[in-house]
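# Analysis of the macromolecular model
So the chains spell out like this:
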Amino acid sequence: MVVNTALLDVPSLPALEPAWLRRVRAEPEFLFDIQHAVGGPFHLVYPDRFAANLIGFRDVLAARGVAGRVYYGKKANKAGCWLDAVAELDGAVDVASEPELVHALAHGVRGRDIGVTGAAKSAGLLRLAARHDCVVAIDALDELERLAAIATSAGRTRVLLRRLPPNAPDSRFGLSDADLEYAIARCARLASVVELIGFSFHLDGYAVAPRAELANELIGLCASTKARGLPISAISIGGGFACSYLAEADWARFRAERNPGWFHAGKTFDKFYPYHQGPTGPAMLDAILATEFDGRALAERLRDNGIELFIEPGRALLIDAGCTVFPVLGYKQNADYGITTVQGLSMSVSEQWKGSEFLPDPILVPRDSDPAARPVASCVGGASCMEYDVLTWRKVPLAQRPEYGDLLLYPNTAGYQMDKNESEFHQLPLPPKVVVTEEAGRLRWRLDR
């Protein structure tokens with residue numbers, strides 16, 4: 001049913017829905033069968049879309065004639081099905097912990113296709129990385145020394161030196177100019193156990209220009225380091241590839257007209273993820289590679305200098321690849337809007353636990369659809385005893401009054417929403433991840449592993 005928002009004093013922010021999710025919603029018994037089997041909330045994940053997103057990034061590299069690798073930023077979602085897709089496509093994975101590295105290996109990702117990043121790394125993580133021929137991004141001088149000691153017995157280990165972003169001098173990540181120079185010299189002396197293959201960085205935000213500018217600077221650093229006899233061959237520009245969840249007009253209206261009256265209890269937020277932006281995903285990578293420096297595109301400079309480009313997208317590989325479904329426990333009317341309570345916790349939509357709000361409208365999937373029903377406006381609360389356990393503070397339009405046993409579907413939650421802040425508070429089990437596939441024109445499902 002199309003919600004007539006003119007009847008309600010709340011805006012609609014419908015999500016941009018991929019075709020697979022529209023098909024799932026067209027067969028509601030599919031969702032109810034899964035809910036019956038798992039007995040509570042669950043996440044749907046769709047690896048075919050993940051694979052298509054990965055191929056999209058690789059196609060841009062190929063079209064620009066740039067040698068490169070796409071490392072899936074595993075922290076964005078813990079499901080194993082993404083790793084299966086990476087292995088099948090001969091891709092790569094970025095990890096930051098021992099369990100993440102072991103999980104990737106267990107799903108067939110080869111050690112040489114794994115990058116190890118993050119803050120100061122444990123001895124166990126460095127040891128695994130060294131023994132499995134992973135690429136390690138060095139974040140501090142003492143980390144380089146610890147890796148060198150481990151690599152002495154494990155074999156020569158490939159490393160990137162992570163540069164402190166020039167626009168974020170207070171960041172706790174990366175090496176300052178002085179430390180970077182020292183680390184380069186130290187790698188030369190440690191060449192029997194450490195192989196310096198390049199440099200890396202990660203920037204906050206989603207702008208094209210800063211990434212292109214810093215990548216161009218690192219190409220120059222690669223050239224000067226090569227001249228010192230070190231086998232430099234790669235730079236990594238990290239992740240932060242933009243994604244869009246909403247239509248441009250809907251996002252513009254929300255930003256222009258937003259007021260506390262749209263939210264339960266007059267709730268206010270200081271910031272939101274930019275739910276519509278551009279260029280996104282592979283198009284953003286293309287824009288970075290097309291950026292010109294002295295009349296030459298970045299892609300050309302990479303080719304001419306024999307530099308391989310590594311990228312580490314997380315959210316941008318997961319966009320349109322998953323959703324979250326909560327059973328409805330009840331609904332009550334408060335003044336001009338209602339409060340829908342679902343089985344589950346707001347930790348399963350993690351944006352709320354960063355002092356923000358996940359804005360795309362949840363979609364009501366009623367057990368019994370009523371063509372004569374009138375739409376209602378509702379916020380959405382979790383099942384805990386905490387006043388602040390709220391999945392959606394915004395009063396969202398729903399096609400009809402929710403009833404016990406209905407389902408409430410949150411679209412596009414695969415990237416960072418599903419399990420970043422998951423919790424078994426109240427001893428409630430974590431929502432399982434359910435893998436959706438299509439075979440011979442039929443939707444099928446299985447539990448993720």
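This section reports on the structure supplied with the text. Predicted model, so just to flag it, every value in this text is computed and none were measured. (Residues numbered from 1 in each chain as written. Predicted model: local features only at pLDDT ≥ 70, side-chain atom pairs only at ≥ 80, totals over all residues. Heavy atoms only, no water.)

Under the counting rule described, the total for this entry stands at one cavity of 30 Å³ or more. Lining the largest cavity, in full, are Tyr71, Asp94, Gly115, Val116, Thr117, Val135, Val136, Ala137, Leu160, Ser236, Phe310 and Glu312. Sorting the residues of the lining of the largest cavity by element identifies β4 (114-116) and β5 (135-138) as the ones contributing at least two each. Counting residues per element, the lining of the largest cavity draws most heavily on β5, at three residues. (1 Å grid on protein atoms, 1.4 Å probe; cavity = no way out; pocket = protein on both sides within 12 Å on 5 of 7 lines; lining within 4 Å. Points joined across faces, edges and corners; volume = space filled by probe spheres on them. Helix = DSSP H or I, 4+ residues; strand = E, 2+ residues; numbered from the N terminus.)

Let us look at the nonpolar core. In this structure, Trp82, Leu161 and Leu309 are the most contacted members of the largest nonpolar core, which totals 112 residues. When sequence neighbours within four positions are dropped, the list of residues in contact with Trp82 reads Val45, Tyr46, Pro47, Phe50, Tyr72, Asn77, Leu318, Ala321 and Ala414. Counting residues in each nonpolar core, the second largest holds 19 residues, with Phe30, Leu31, Phe32 and Val325 among its members. (Core = buried A, V, L, I, M, F, W, Y, C linked by side-chain atoms within 4.5 Å. Buried < 20%, exposed > 50% of the residue type's maximum accessible area, 1.4 Å probe, protein only. Contact = heavy atoms within 4.5 Å.)

Its volume calculated, the largest pocket comes out at about 790 Å³. In this structure, the largest pocket is lined by 34 residues; those nearest its centre are Lys75, His202, Leu203, Asp204 and Tyr416. Every element with two or more residues in the lining of the largest pocket is listed here: β3 (92-95) and α13 (315-318).

Moving on, we get to the sheet that holds β3. Read around the closed barrel, eight strands run β2-β3-β4-β5-β6-β7-β8-β11, paired in parallel fashion. Here the average twist between neighbouring strands, direction ignored, is 30°. Strand direction decides the pairing type here: strand β2 (residues 68-73) and β3, joined by three bridges, are parallel. Bridge pairing in β3 places Tyr72 opposite Val93. Against the sheet, helix α5 (residues 98-106) makes contact with β3 and β4, and its axis sits at roughly 180° relative to β4, the strand it touches most. (Pairing = 2+ DSSP bridges. Axes fitted to C-alpha atoms, helices over the stretch in contact; angles between N-to-C directions.)

As a further point, take the packing of aromatic side chains. By the definition in use, this model includes 18 aromatic pairs. The interplanar angle of 85° and the centroid separation of 5.6 Å between the aromatic rings of Tyr245 and Tyr273 together place this pair among those described as edge-to-face. Of this pair, Tyr245 sits in the loop between β8 (234-236) and α10 (248-257) while Tyr273 sits in the loop between α10 and α11 (281-290); the two residues are 28 residues apart in sequence, bridging distant segments of the chain. Exposure remark for Tyr245: the relative accessible area of 2% places this residue in the buried category. A relative accessible area of 5% means that Tyr273 is categorised as buried. Positioned above the aromatic ring of Trp393 is the side chain of Lys267, whose terminal nitrogen or guanidinium carbon lies 4.8 Å from the ring centre. One Lys or Arg, Arg367, reaches over the ring of Phe32 and ends 3.8 Å from the middle of that ring. (Phe/Tyr/Trp six-rings, centres within 6.5 Å; stacked < 30°, edge-to-face > 60°. Lys NZ or Arg CZ within 6 Å of the ring centre and 35° of its normal.)

This brings us to the packing of helix α6 (residues 123-131) against helix α7 (residues 141-154). Between α6 and α7, whose axes approach to 9 Å, the crossing angle comes to 50°. Taken together, the axis directions place α6 and α7 in an arrangement best described as oblique. Classified by chirality, the crossing of α7 by α6 is right-handed. For the pair formed by α6 and α7, the contact residues are Ala123, Leu126, Arg127, Ala130 and Arg131 on the first element and Glu143, Arg146, Leu147, Ile150, Ser153 and Ala154 on the second. Taken together, the residues of the contact of α6 with α7 sort by class into six nonpolar, one polar and four charged. (Parallel < 35°, antiparallel > 145°, perpendicular 65-115°, else oblique. Left-handed = near helix turned anticlockwise from the far one by under 90°. Nonpolar A, V, L, I, M, F, W, Y, C, P; charged D, E, K, R; others polar.)

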